[in-house]
Amino acid sequence: MKIGEYDTSTPKGWLRAQGQDVQGWLGLAAALGILAGLMTMAQMGALAWIIAQLISADAPLDQLSGVFVALLGVIVMRALAQWGQESAGVEASLRVRSRVRARLLDHLAAVGPVGLADRHTAGLGGQLVEQVEALDGYYARFLPQMRLVLVLPLVILGLVLWLDWLAAIFLLLSAPLIPVFMALVGMGAERLNQQQFVAVTRLAGHFLDRVRGLTTLQLFNRAEASIDEVFSAADDYRRRSMRTLKLAFLSSAVLEFFASVAIAVIAIYIGFGLLGYIDYGPADELTLFSGLLILLLAPEFFQPLRTLAQHYHDRAAALGAADGLLAVLELPVSTTGHGQEPRGKTSGYGASVHVVETSISYPQRGRVLGPVTLSIAPGECIALVGASGAGKSTLLQLLAGFVQAEQGCVEITPSAPIAWMDQRPWLIQGSLADNLRLAAPGASDAQLLEAVSSAGLGEFIATLPGGLETGLGERGVGLSGGQAQRLALARVFLSQAPLVLLDEPTASLDADSEAQVVIALKRLVAEGRTVVVATHHPALMALANRVLTLEHGTFQLYEPLSDDP
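Residues numbered from 1 in each chain as written. Predicted model: local features only at pLDDT ≥ 70, side-chain atom pairs only at ≥ 80, totals over all residues. Heavy atoms only, no water.

**A few points about the overall build of the protein chain**
Along its length, the protein chain carries 17 helices and 14 strands. Looking at the 565 residues of the protein chain, the share that counts as buried comes to 47%. A sequence separation of at least 24 residues applies to 78% of the contacts in the protein chain between residues at least 6 apart. (Helix = DSSP H or I, 4+ residues; strand = E, 2+ residues; numbered from the N terminus. Buried < 20%, exposed > 50% of the residue type's maximum accessible area, 1.4 Å probe, protein only. Contact = heavy atoms within 4.5 Å.)

So, in structure tokens, the structure goes:
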């Protein structure tokens, strides 16, 4: 895929493409950097002039007051330009990172839970944070510095050439050593950064798995061993980080060495030239002012190259991060052909569903569903039954848009949000209200209470001192299994979705909790929504207008039940 002139299938082209919309900020950062460089040259010139006048011309200080004022103004302008350069670069980086992170979140949502099943949530979280943040230095510092390198050294070289062409030759001969060595180091740094990102992603998943499994580890007396495993994984990441830092410090030392040698050669030439020991070329024409100005400008000639060398590691880190981010962005999107864009709430009206000759296959399992054809009328309740592995969950995932059909089509009308609930509802650490508002962020307290009452949780909420503000632990710690299911059902009531998909909602519940959930589901069906439920529970089958039996991914004969659920 190409955006403009960039091939976004490669990390380098993708990084360049992301910067297209912030070219104005990058250009401003570069322009202010050039202005700061010119002010630095003016500052060096003023210092050389003051020293030459004080030593060679014995000028009194009061005659140089104007030059001192001008020098102060140049210093202030240089500081303001440097501040502006940094601010513009940071703004460009912030905009790119915000856009990339939003695009990643949108893509992950489009891929769906089934498409992300083989990826660890901790690893994805690390990519959304660590790898996106690794783009900062590339846009804030490296790209503006690339433009400065093309301008400032040439301006300084031209000025030194005008003052003394032999000193300019010394600068010209030593300058290429820095970018050549910088490129060689950069290739190794990019590879190390890629390995480091992989290691930190693996470490995040490793640690999260151990935290989630603390109870099991304690029961099987493996807690101490798991601590050692986490320590080993963390130590591996430490070694990789130190290897990257070692390369960075070593490369910086070598680059400083080359620049220092070149400056030392120029200092020796100017010193011997002013003392009269060198009479070759323009050495006889050296003055204190010209010699001192060349000596002051020599470090500034190498400074943009040295700064670029420092930020070259930002480029390597960004390339390593882009490689991992591209792998996520290239995950196939699970779309089934029916619209899933929200178009507002639809209350009291069910969705119509049409599935036509649709099949789904997985690489390791072959065909798991289809070809199936199914029509569901608005407000109808369908129960899917069958043995484990018959395709019930896959059909629900197809209707939800989590998986992509290899053939056939799925049409759902109206195109509106779909409510999904399975036997393990997702609950966050926060209050009951926070968990409910995941389905309806703008819901009032009265609407929340109405939803929990419909789900059969009203009496329980009333007994809590904090009411809806009562806190829950991670994954719903503080609620029983039945209460967690009913809280998830309350979210379904709040969502006002015309199509509700339920995957074994009463599995692993005791008899009393099952009865409470079934009562709440009866209220949901009575609202007139279209409900499709995969179940083995007779009470849920009794709610359905039709019971469809799946066997080896295809429908068998079904028995129509009463028209009124």
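**Side note on unusual backbone geometry**
With omega at 0 degrees, the peptide bond leading from Thr413 into Pro414 counts as cis. Residue placement: Pro414 occurs in the loop between β6 (407-413) and β7 (418-422). Of note in the backbone geometry, Glu357 takes a positive phi value of approximately 45 degrees without being a glycine. With respect to the element layout, Glu357 can be found in strand β3 (residues 352-362).

**As for the pattern of salt bridges**
Inspection of the entire model under this criterion finds ten salt bridges. Two residues, Arg97 and Glu133, come together in a salt bridge whose shortest N-O distance is 2.8 Å. Linking Arg97 in helix α3 (residues 65-115) with Glu133 in helix α4 (residues 121-133), this pair joins segments that are 36 residues apart in sequence. (Salt bridge = Lys/Arg side-chain N within 4 Å of Asp/Glu carboxyl O.)

**Some remarks on the side chain of Gln18**
Tracing the backbone through its elements, the reader meets Gln18 in helix α1 (residues 11-18). The exposure class of Gln18 is buried, given its relative accessible area of 7%. With residues up to four places along the chain from it excluded, the contact list for Gln18 reads Val96, Arg99, Val100, Arg103 and Tyr139.

**Comments concerning helix α13 (residues 445-454)**
Those residues of α13 not exposed but buried are Leu448, Ala451, Val452 and Ser454. Projected onto a plane normal to the axis of α13, the buried residues spread over an arc of 160 degrees and lie on a single side. Exposed side of α13, more than 90 degrees from the buried face: Ala446 and Glu450 are the residues found there. As for α13, its buried residues are in contact with α12 (432-436), α14 (458-463), α15 (481-495) and α16 (511-526). One or two steps after α13, the chain reaches Gly456, where phi turns positive at roughly 85 degrees. (Arc of directions from axis to C-beta.)

**What about a nonpolar patch on the surface?**
A cluster of nonpolar side chains, contributed by Ile51, Leu54, Ile55, Leu61 and Phe68, occupies part of the molecular surface with about 440 Å² of accessible area. Broken down by element, the residue count for the nonpolar patch peaks at three residues, all from helix α2 (residues 23-55). Looking at where Leu54 falls in the secondary structure, it is placed in helix α2. (Patch = residues over 30% accessible without salt bridge, like charges linked within 9 Å, V, L, I, M, F, W, Y side chains within 5 Å. Areas by Shrake-Rupley, 256 points an atom, 1.4 Å probe, with all protein chains shown as cover.)

**As for the nonpolar core**
Of all hydrophobic cores here, the largest spans 60 residues; its most connected members are Trp14, Leu15 and Leu135. Secondary structure elements with two or more residues in this core: α1, α2, α3, α4, α5 (136-163), α6 (165-174), α9 (223-275) and α10 (288-329). Residues in contact with Leu15, not counting those within four places in the same chain, are Leu135, Tyr138, Tyr139, Ala318, Leu319 and Ala322. Counting 45 residues, the second largest nonpolar core, distinct from the first, contains Val385, Ala440, Leu509 and Ala544. (Core = buried A, V, L, I, M, F, W, Y, C linked by side-chain atoms within 4.5 Å.)

**Focus: α3**
Given a rise of 1.5 Å per residue, 51 residues ought to cover 75 Å, and the 72 Å separating the end C-alpha atoms of α3 matches this to within 8%. The sharpest bend along α3 measures roughly 45 degrees and falls at Ala109, with the proline Pro113 sitting one to four residues further on. (Expected span 1.5 Å × (residues − 1). Bend = angle between axes of the 7 residues up to and from the residue.)

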